[in-house]
Amino acid sequence: MNACRAKRMSSKTSGWLLLGLLASTGAQAENRADRPRLQEITDAELAAMRGRYTLAGNAVAWFGVSLISQWHSADGQQLNAGLQLNFDLRSGSPRFSYQPTISIGYDDSSSVALNGGSVRHIDSAGLANVDGFVQAVQLAGDGNRVSNQALLIVRDGNPGEAGAEQGPLALDQQAGPASVQAYVDGQRAGVLLQLAGQGQVRQWLGNGQIGQAVALGSDGSWVSNQLRMEVVRTPMSNGVSLTQNVAQALASSRGLGPIGGP
């Protein structure tokens, strides 16, 4: 994905990269006619930026991430995992809530796997070397249906209530060759579905990544990864300056740290 430059952003979509425009607040103080209010920044600077910022008098009030993974194998295994993360930023400090869900089922009406018990190997280690948003599909079988879907919504309005109630930090379940995990801790968050000898399905946040990956060594599976990110913006109050809002956002983000997949 090509990096966007600050001078090309509209007020509708500029919420992610306002840190690059902090020079504009300095321009207010200097009030120099020969210095543009918006200044172009390099791709290298954009790549290193993190934060939650907006232009045109708007502030990020709420940020949510939803992860849903489903796997129906040809031999009848049904694995499901979900994770909802919410960051409520309307008060002075962010409030974080999360709710993981998992399940393992079996449908004995399904057909037998097509690979006849053969063992296939897939190496996904290279994904750890990729930064940013990652989507990967690795297949060593036949008749599989796989999808990775991601949706980003940025809207203005009221996010309503704080969101999902806070659940356990981690859930895991195992039944025979099947295992399912949904987890949140100080360094990582994600969901993971595994079938011994058939592969794994996962979604994760952390280490500079948001990722969706499917690695199958089996035949006849149906797999779906769905990732939804939503940002809700509300107008800043008249008494809160842009400089103050950015400073508070920087201070609140220091404790979040990197979070990564398993």
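Residues numbered from 1 in each chain as written. Predicted model: local features only at pLDDT ≥ 70, side-chain atom pairs only at ≥ 80, totals over all residues. Heavy atoms only, no water.

(A) Summary view of the pattern of salt bridges. Considering all chains together, one arrives at 6 salt bridges under this definition. Arg90 serves as the salt-bridge partner of Asp88, at 2.7 Å between the closest nitrogen and oxygen. One salt bridge connects Arg95 with Asp88, and the closest N-O pair in it is separated by 2.9 Å. On the basis of relative accessibility, which here comes to 47%, the residue Arg95 falls in the partly exposed class. Taking relative accessible area as the criterion, Asp88 reaches 1% and is therefore assigned buried. A network of salt bridges, in which partner residues are shared, links Asp88, Arg90 and Arg95. (Salt bridge = Lys/Arg side-chain N within 4 Å of Asp/Glu carboxyl O. Buried < 20%, exposed > 50% of the residue type's maximum accessible area, 1.4 Å probe, protein only.)

(B) Looking closely at the sheet that holds strand β8 (residues 189-195). One open sheet accounts for 6 strands, arranged β4-β10-β9-β8-β7-β6; its pairing is mixed. Each edge of the open sheet is held by one strand with a lone partner, namely β4 (132-139) and β6 (170-175). The sheet shows a mean angle of 5° between the axes of neighbouring strands, direction not considered. Of the strand pairs in this sheet, strand β9 (residues 199-206) and strand β10 (residues 209-216) are connected by 8 bridges, and their pairing is antiparallel. When the sheet's bridge partners are listed, Arg202 is paired in β10 with Ala213. (Pairing = 2+ DSSP bridges. Helix = DSSP H or I, 4+ residues; strand = E, 2+ residues; numbered from the N terminus. Axes fitted to C-alpha atoms, helices over the stretch in contact; angles between N-to-C directions.)

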